[in-house]
Amino acid sequence: MSKNLQLRIIFGLIYAGFILGMLLSGKNTAIILLSLLGLIMLWEYNNIAQTNRTSGYKTVMNLVNIPIVVFIVYFLKNTTDLYPLLVISITYGLANIYSLVIKKTTLIKNEPKWFQMILYITLPMTIGILSCRWIEGFHMLLLYLFLIVWLCDVGAYFIGKAVGKRKLFPTISPNKTWEGFYGGIAAGILAAIGIYYYSGLYSLELWVFMGVLICIISVIGDLIESSFKRYFEIKDSSNIIPGHGGFLDRLDSFIFALPFYTLLIVIFAL
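Model, not experiment: these values are computed from the prediction.

### Focus: the overall build of the protein
At step 1: Looking only at helices and strands, the protein features 10 helices and two strands.
At step 2: The order of α-helices and β-strands along the protein, N terminus first, is α-α-α-α-α-α-α-β-β-α-α-α.
At step 3: Of the contacts formed within the protein by residues at least 6 apart in sequence, a portion of 73% connects residues at least 24 apart.
At step 4: When the accessible area of the protein is evaluated, it comes to approximately 13100 Å², of which 67% is carbon and sulfur surface.

### What to know about the packing of aromatic side chains
At step 1: For the structure on display, the rule yields 12 aromatic pairs.
At step 2: A ring pair is formed by Y144 and W207, whose centres lie 5.9 Å apart and whose planes are at 80°; its orientation type is edge-to-face. Of this pair, Y144 sits in helix 7 (residues 138–163) while W207 sits in helix 9 (residues 204–231), placing them 63 residues apart in sequence. Taken as a pair, Y144 and W207 share a single burial class, namely buried.
At step 3: A ring pair is formed by F146 and F254, whose centres lie 4.1 Å apart and whose planes are at 10°; its orientation type is stacked. Of this pair, F146 sits in helix 7 while F254 sits in helix 10 (residues 247–269), placing them 108 residues apart in sequence.
At step 4: Take F254: its relative accessible area is 1%, and that puts it in the buried class.
At step 5: Taken together, the ring pairs connect Y15, F146, W150, F247 and F254 into an aromatic cluster.

### Notes on the layout of surface pockets
At step 1: Of the voids in this model, the largest pocket is the one considered here, and its volume is about 1800 Å³.
At step 2: Taken together, 49 residues form the lining of the largest pocket, with R8, D153, Y157, K176 and R250 sitting closest to its centre.
At step 3: Those elements that place two or more of their residues in the lining of the largest pocket are helix 1 (3–24), helix 7, strand 2 (173–177), helix 8 (178–199), helix 9 and helix 10.
At step 4: Top element by residues in the lining of the largest pocket is helix 7. It accounts for 12 residues.

### Digging into helix 8
For an α-helix, the turn length of 3.6 residues means that residues three or four places apart are oriented alike.
At step 1: Its 22 residues give helix 8 an end-to-end C-alpha distance of 31 Å, which sits within 8% of 32 Å, the value for a rise of 1.5 Å per residue.
At step 2: Inspection of helix 8 places E179, G180, F181, G183, G184, I185, A187, G188, A191, A192 and I195 among the buried residues, and these make up the whole buried set.
At step 3: Looking at the buried positions of helix 8, the neighbouring elements they touch are helix 7, strand 1 (167–169), strand 2 and helix 9.

### A few points about the pairing of strand 2
At step 1: Summarising the sheet, strand 1 and strand 2 pair through two bridges and their orientation is antiparallel. Directly across from K167, in strand 2, lies its bridge partner T177.
At step 2: As consecutive antiparallel partners, strand 1 and strand 2 are separated by three residues.

### Examining the nonpolar core
At step 1: Core analysis: the largest hydrophobic core is formed by 81 residues, its most contacted members being I121, I148, W207, F254 and Y261.
At step 2: Considering every element that reaches this core, the biggest residue donor is helix 10, with 13 residues.
At step 3: Once residues within four sequence positions are removed from consideration, I148 is found in contact with G188, A191, A192, I195, W207, G211, I214 and C215.

### Considerations on the state of the cysteines
At step 1: On inspection of all chains with the given rule, the structure shows one disulfide.
At step 2: A sulfur-sulfur distance of 1.7 Å marks the disulfide that ties C152 to C215. One quick way to see it: the torsion about the S-S bond of C152 and C215 is about -40°, and its sign makes the bridge left-handed. In this pair, C152 is assigned in helix 7 and C215 in helix 9, connecting sequence segments 63 residues apart. In this pair, the class of C152 matches that of C215, namely buried.

Cut-offs and rules
- Residues numbered from 1 in each chain as written.
- Predicted model: local features only at pLDDT ≥ 70, side-chain atom pairs only at ≥ 80, totals over all residues.
- Heavy atoms only, no water.
- Helix = DSSP H or I, 4+ residues; strand = E, 2+ residues; numbered from the N terminus.
- Contact = heavy atoms within 4.5 Å.
- Areas by Shrake-Rupley, 256 points an atom, 1.4 Å probe, with all protein chains shown as cover.
- Phe/Tyr/Trp six-rings, centres within 6.5 Å; stacked < 30°, edge-to-face > 60°.
- Buried < 20%, exposed > 50% of the residue type's maximum accessible area, 1.4 Å probe, protein only.
- 1 Å grid on protein atoms, 1.4 Å probe; cavity = no way out; pocket = protein on both sides within 12 Å on 5 of 7 lines; lining within 4 Å.
- Points joined across faces, edges and corners; volume = space filled by probe spheres on them.
- Expected span 1.5 Å × (residues − 1).
- Pairing = 2+ DSSP bridges.
- Core = buried A, V, L, I, M, F, W, Y, C linked by side-chain atoms within 4.5 Å.
- Disulfide = S-S within 2.5 Å.

Geometry only, nothing functional implied.
Structure representation (structure tokens):
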């Protein structure tokens, strides 16, 4: 085992343990976790996207999200208020998917950076915060989402390393393969089945469907963030997590999948 892989495993376990511990502690700590992760990702994003700007400008761009989140969190009253936010977030996600898969390009080339910052990071994390407030046990549902995303990633990595040959999207992420993609989906399905038998929530069919959907969307989210980094000619969003890069690198799949996952929960589970 290489030293780099050892480093990734050690700090990956610390990172995963911190997130799982916060989510297992209840909805209030889950809200704190999402707020903290959102702020860190915004800081990373603005350091990358506003390279030519002054530190004062970057600070303003980070702070501009706070009144938006405060307004949404404290003035929206119940679960039905989630629908407009979900529609906006999922429409943005679908536009990114269309641009990436059909047009073979990304929206980042045409979007104002502050606009992308709000839709890409602020809105999904705010949806997560509101869902923790209004949906019973959503902090545990977030934990299940993390587990599926992580196991998809692990399955894709090891299967891709072992037998991967056909490139999935070489212009953006040359290391991803179709074999790894299918391995990630298989791992996500197994994770979803395990979650169903552990939690007893909903139906097995819904969990299997969510496992497949989350894995597919997670890969797309990762590709979008990879295209983002290629556009700005950087390797990692930061070096906060040794062996892994930044939180935006680790959470790109999560933030992209979160609105779709929340919509399924709202539609089928409430």
